[in-house]
Amino acid sequence: MSPIKKYLFAIPVIMALIGSGSAAADVKVGFLAGFTGPLKSLAPGMYKGAKLAAKHVNDQGGILDGQQIIMPSGDSTCSDVTAAADAAAHLVQDENVLAIVGPLCSGAAIAIYKNVTIPAGITVVSPSATSPAITSLDDGDLVFRTSPSDVYQGSIMARLLLSKGIKHIVITYVDNDWGKGISAELSSAFEAAGGKVAGNMAHEEGKTDYSDVVRSLSASGVDTLVVLAYANGSGQTILRQAVESGAFDQFVGGDGMASNTLVAAIGSDKLRGMIVTKPGAPDSTGSRVFKKYAWGSNLNPAGAFVGQSYDAAFLLALAIEKNGNADRAGIAQALRSVATPPGEVILPGEWAKAKALIKAGQAINYEGATGSLDFDAAGDVSGVIIEMGVNVREGSFIEFGQIK
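The notes below deal with the structure included here. (Residues numbered from 1 in each chain as written. Predicted model: local features only at pLDDT ≥ 70, side-chain atom pairs only at ≥ 80, totals over all residues. Heavy atoms only, no water.)

## As for helix H10 (residues 285-296)
Filter applied, for reference: Numbered from the N terminus, helices here are DSSP runs of H or I no shorter than four residues, and strands are runs of E no shorter than two. To estimate how far a helix should extend, the number of its residues minus one is multiplied by 1.5 Å. Each residue gets one of three labels from its accessible area relative to the maximum for its type: buried under 20%, exposed over 50%, partly exposed in between, using a 1.4 Å probe on protein chains only. What the arc describes is the spread of directions from the helix axis to the C-beta atoms. It only takes one pair of heavy atoms within 4.5 Å for two residues to be counted as in contact.
Across its twelve residues, H10 extends 17 Å between first and last C-alpha, which sits within 8% of the 16 Å expected from 1.5 Å per residue. Considered for burial, the residues of H10 that qualify are Gly-286, Ser-287, Val-289, Phe-290 and Ala-294. All buried residues of H10 lie within an arc of 160 degrees about the axis, which places them on one face of the element. The outward face of H10, more than 90 degrees from its buried face, is lined by the exposed residues Lys-292, Trp-295 and Gly-296. Buried residues along H10 sit against helix H2 (43-59), helix H11 (306-323) and strand S13 (364-368).

Below, the structure written as structure tokens:
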């Protein structure tokens, strides 16, 4: 019997054993991300962001009846769906978490949602799983995101490239739910606005040589290569081989490439002028407040999905407080309540204020590190997309601001 089937078989027993979990001294909210695999450089910053939210709760009186939030983590790998499901099962079965922040990657997320969290009635908020396929999941209103779907990011990337006079591109994308989704959205939006996609080629994650991909796409004669892949995996290898080939003058990446490890591995001088997009934050009060807290905790607030991770964790804490107990049931409904107007605005770090208002029976509206988080019917948010480039002198990515 596979690990996933074993877990599904055990769900009724688990639910009977743990009951509401109200007798526990601590309230557990799990965190799932690819601590190993092709996006391993992003996971630590995201985890720190989520744990900063838990710290704000714990330092200001705790949750419910003064309990502490504990955040056990699991490795969803971003590449091995069986390992991802096992990690999620451990959090749900052994750690008895009430809810989960994550996972990082869309393929692992969809496998976890279908096979573990939805059957167990667990509310999840992913900071970074952006595949359009998640929108249409039959999830019983248990799956939410604090980053916008790639339906939006793809269209924004298309607009950005055309605004820079880039009218012809070739694309290679990692052959999974995320890669397929963002590639399709970018291609559709780019050509609808008058651009031309001269080549669009899937590739398999985990190979050591992608010279065939580079060679095939370069045959088009187009000098702009869009790489929709992972900074610690296929994306880095493809970009290095494309640079070495000399066939392309311009490189573009999606949010999976937004890691300084990519710049360090290839060299900032070789990536001069590279364009990268990622979900980010508007210039808002909540964003400015979060930046202050993050820098004070030795955390870069501009790190990929760091703010979204903070928001996911803080929102789940607010939802549990609003729900009024340590039951899994009711968290999703409470999440919608605390995230949308009307209500007194709650900014990052304002746990004591929120707790007092909830106790008094007053409505609250969280305005987070990444702006307003008004979930639509599918649990999605609108969000904003940020343009990034390479600072050659510093050897790192820098933000250029929100793409209007």
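## Notes on the sheet that holds strand S11 (residues 275-279)
Here is the rule: Strand pairing requires that DSSP identify at least two bridges connecting the strands. Fitted lines through C-alpha atoms serve as axes, helices being fitted only where they are in contact, and the angles separating the N-to-C directions of these axes extend from 0 to 180 degrees.
Sheet architecture is open: seven strands sit in the order S8-S7-S9-S10-S11-S15-S16, paired in mixed fashion. The open sheet has two free edges, formed respectively by strand S8 (196-203) and strand S16 (396-402), since each of these has just one partner strand. The sheet shows a mean angle of 25 degrees between the axes of neighbouring strands, taken without regard to direction. Helix H8 (residues 234-245) contacts strand S7 (168-174), S8, strand S9 (224-228) and strand S10 (250-253) of the sheet and is inclined by roughly 165 degrees relative to S9.

## Topic: the state of the cysteines
As a reminder of what qualifies: Note on terminology: pairs of cysteine sulfur atoms within 2.5 Å are recorded as disulfides.
Inspection of the entire model under this criterion finds one disulfide. Here Cys-78 connects covalently by a disulfide to Cys-105, the sulfurs 1.8 Å from one another. Looking down the S-S bond of the Cys-78 and Cys-105 bridge, the torsion is 80 degrees, so its handedness is right-handed. Placement of Cys-78 in the loop between strand S3 (73-75) and helix H3 (81-94) and of Cys-105 in the loop between strand S4 (99-101) and helix H4 (106-120) is noted, with a sequence separation of 27 residues between them. For the pair formed by Cys-78 and Cys-105, the shared burial category is buried.

## Description of the side chain of Ser-259
This is how the line gets drawn: What qualifies as a polar contact is a pair of N or O atoms within 3.5 Å, subject to a donor-acceptor requirement within protein and to the restriction that residues adjacent in sequence count only when both atoms come from side chains.
Mapped onto the secondary structure, Ser-259 falls in the loop between S10 and helix H9 (260-266). Residue classification places Ser-259 among the buried positions, given a relative accessible area of 5%. Within the local environment of Ser-259, its side chain forms a polar contact with the side chain of Ser-41, the two groups lying 2.7 Å apart. The contacts of Ser-259, once residues within four sequence positions are left out, are Ser-41, Leu-42, Ala-231 and Phe-397.

## Notes on the sheet that holds strand S14 (residues 371-372)
Taken together, the three strands give an open sheet; going across it, the order is S12-S13-S14, and neighbouring strands pair in mixed fashion. In the strand order of this sheet, the two ends are held by strand S12 (344-346) and S14, each with one partner. Bridge count for S13 against S14 is two bridges, and the pairing is antiparallel. Pairing of Glu-367 across the sheet is with Ser-372, part of S14. This element, helix H13 (residues 351-359), spans S12 and S13 of the sheet and lies at about 145 degrees to S12.

## A short note on unusual backbone geometry
Omega for the peptide link from Gly-102 to Pro-103 comes to -5 degrees, which places this bond in the cis form. Here Pro-103 is to be found in the loop between S4 and H4. Here the residue pair Pro-341 and Pro-342 is connected by a cis peptide bond, since its omega of 0 degrees sits within 30 degrees of zero. With respect to the element layout, Pro-342 can be found in the loop between helix H12 (331-339) and S12. Of note, Leu-64 is a non-glycine position whose phi angle comes to about 55 degrees, a positive value. Relative to the helices and strands, Leu-64 resides in the loop between H2 and strand S2 (68-70). Its identity as a non-glycine residue notwithstanding, Thr-77 has a phi of 65 degrees, on the positive side. Among the structural elements, Thr-77 can be located in the loop between S3 and H3. Thr-77 gets classed as buried once you look at its relative accessible area, which sits at 9%.

## Here's the deal with the pattern of salt bridges
We count it as follows: In the sections that follow, a salt bridge refers to a side-chain nitrogen of Lys or Arg positioned within 4 Å of a carboxyl oxygen of Asp or Glu.
Per the stated rule, a full pass over the model turns up eleven salt bridges. Between Arg-336 and Asp-141 there is a salt bridge whose closest N-O contact spans 2.8 Å. Placement of Arg-336 in helix H12 and of Asp-141 in the loop between strand S5 (123-126) and strand S6 (143-145) is noted, with a sequence separation of 195 residues between them. You can call Arg-336 buried: its relative accessible area is 19%. A single network of salt bridges, built from pairs that share partners, joins Glu-344, Glu-350 and Lys-353.

From the geometry alone we can't say anything about function, so treat these as descriptive.
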